[in-house]
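# Descriptive analysis of the structure
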Amino acid sequence: MKLGELLREGVARLGETGVPDAENDAKLLLFAAFRMDLTHFLLDRGRELSGEEPDASCVACYRAMIAKRRGRIPLQQILGSQTFMGLEFEVNEQVLIPRQDTETLVERVLEEQQERGLRLLDLCTGSGCIAVSLAVLGGYRYVAGTDVSAAALATARRNAARLAAGCAGRIEFFCGDLFEAVPAGMAAFDVITANPPYIPTEAIATLEPEVRDHEPLLALDGSADGLVFYRRIARELGRYLAPGGSIYLEIGWDQADAVCALLEYCGLEAVRVVKDLPGKDRVVCGRKQCLID
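An account of the accompanying structure is given in this report. On a predicted model such as this, the values are computed, not experimentally measured, just so you know. (Residues numbered from 1 in each chain as written. Predicted model: local features only at pLDDT ≥ 70, side-chain atom pairs only at ≥ 80, totals over all residues. Heavy atoms only, no water.)

## A short note on the packing of aromatic side chains
The tally for this structure, following the rule as stated, stands at 3 aromatic pairs. For the ring pair F84 and F89, a centre distance of 6.1 Å and an interplane angle of 80° mean the geometry is edge-to-face. Each member of the pair, F84 together with F89, is buried. For the pair F179 and Y240, a centre-to-centre distance of 4.5 Å together with 10° between the ring planes defines the contact as stacked. On the criterion of sequence distance, the pair formed by F179 in the loop between strand 5 (170–175) and strand 6 (189–194) and Y240 in the loop between helix 10 (228–236) and strand 7 (241–250) is long-range, its members being 61 residues apart. Over the ring of F189 we find R119, and its NZ or CZ is 4.8 Å from the ring centre. (Phe/Tyr/Trp six-rings, centres within 6.5 Å; stacked < 30°, edge-to-face > 60°. Buried < 20%, exposed > 50% of the residue type's maximum accessible area, 1.4 Å probe, protein only. Helix = DSSP H or I, 4+ residues; strand = E, 2+ residues; numbered from the N terminus. Lys NZ or Arg CZ within 6 Å of the ring centre and 35° of its normal.)

## Describing the nonpolar core
Grouped together as the largest cluster of nonpolar side chains are 35 residues, with contacts concentrated most on I192, I233 and L263. For this core, the elements supplying multiple residues, two or more each, are strand 3 (119–123), strand 4 (142–147), strand 6, helix 10, strand 7 and helix 11 (256–265). With near-sequence residues (within four places) excluded, I192 lies in contact with L121, L123, F179, Y240, L241, S246, I247 and Y248. Counting residues in hydrophobic clusters, the runner-up holds 27 residues, among them L87, V109, L134 and F173. (Core = buried A, V, L, I, M, F, W, Y, C linked by side-chain atoms within 4.5 Å. Contact = heavy atoms within 4.5 Å.)

## Brief notes about the side chain of E215
You can see E215 is positioned in the loop between helix 9 (209–214) and helix 10. Taking relative accessible area as the criterion, E215 reaches 6% and is therefore assigned buried. Other than its neighbours up to four places away in sequence, E215 contacts Q77, V95, L96, I97, R99, E210 and L220.

## Observations concerning the state of the cysteines
Taken as a whole and assessed by the stated rule, the structure comprises 0 disulfides. C61 carries a free sulfur, and the closest cysteine sulfur to it, the one in C58, is 7.1 Å from it. For C61, a relative accessible area of 33% corresponds to the partly exposed category. With no disulfide of its own, C290 lies closest to C266 among cysteine sulfurs, the gap being 15 Å. A relative accessible area of 52% places C290 in the exposed class. (Disulfide = S-S within 2.5 Å.)

## Looking at unusual backbone geometry
Negative phi is the rule for most residues except glycine; trans is the rule for most peptide bonds. In this model, E53 is joined to P54 through a cis peptide bond whose omega is 5°. Relative to the helices and strands, P54 is located in the loop between helix 3 (38–44) and helix 4 (55–70). One non-glycine residue, R72, lies in positive phi territory at about 70°. You can see R72 is positioned in the loop between helix 4 and helix 5 (75–79). With a relative accessible area of 13%, R72 lands in the buried category. If you check the backbone angles, M85 has positive phi at about 55° while not being a glycine. Position of M85 relative to the elements: it lies in the loop between strand 1 (81–84) and strand 2 (87–90).

## A short note on the pattern of salt bridges
By the definition in use, this model includes 22 salt bridges. Linked through salt bridges whose partners overlap, the residues forming this network are D25, R69, R72, E208 and E210. (Salt bridge = Lys/Arg side-chain N within 4 Å of Asp/Glu carboxyl O.)

## Brief notes about the environment of I78
Structurally, I78 can be placed in helix 5. The buried category is assigned to I78, whose relative accessible area is 16%. For the pair I78 and W253, spaced 175 residues apart in the sequence, the C-alpha separation amounts to 28 Å. In contact with I78, other than residues within four places in its own chain, are L29, M65, K68, R69 and I73.

## Quick look at helix 4
For helix 4, spanning 16 residues, the distance from its first C-alpha to its last is 22 Å, which sits close to the expected 22 Å at 1.5 Å a residue. Burial in helix 4 covers these residues: D55, C58, V59, Y62, M65, I66 and R69. Axial view of helix 4: buried residues confined to an arc of 130°, hence all on one face. Among the structural elements, helix 1 (3–16), helix 2 (22–34), helix 5 and helix 9 are those in contact with the buried residues of helix 4. Positive backbone phi, approximately 70°, marks R72, located one or two places after helix 4. (Expected span 1.5 Å × (residues − 1). Arc of directions from axis to C-beta.)

Structure below.
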């Protein structure tokens, strides 16, 4: 069998189970199994594979990964990583896979919050993709992330150690439920971000199997209407957001009006909606009023 024929075998196997974009996934898995890039594949695709090492191990590895993908395990979990904001994040079954939609939030913070001396808090941090990206790309003085899942935080800490080790500012993670994880006596934050669970409970059964069966339910389920975490954040943020500070919340495409109303009800000003690249409502922002002398 030639290398190109092995790729076609993988594409066919994935197509049998309805894997979306089977050709792309089969190609990326082949590159990972043989530790090659596109250039080397194009040069070697006509090469006959031997039944000896290292070809035998690479073929076995590839077929094992194809079997996992046929079971609808996400490609990113099989490969163990996902690119976000140009950074390569470790991912696993304990964390939500970073998505391009969430880059909208990070990009808006970087655009609007350019002072290096700011203190940032990222709630529901998961893999740490928001917190670590802001620490690395924004160079802020201090970034904290919280999550109720200790396993997720272990992943976030590994990502921070690998990607943010050279940052001038500090980055720390705390385990607990939203603001409850913030240590007592800690100063208020200039920026708060969050990508909380926001999918209505009944809608979870309709999700793609990659998400429904293999990503953590804890990071998906936003209760009956998908808004329970936004209500809690709006109710509690007054103690943690500094005067003049801003909050940035990722939302579901149809939740903008409800989340805007929650932030306005708790007294925030300049509440607005930011759309993602496809034009869907993706982030709700607001600012806490400055103290008047």
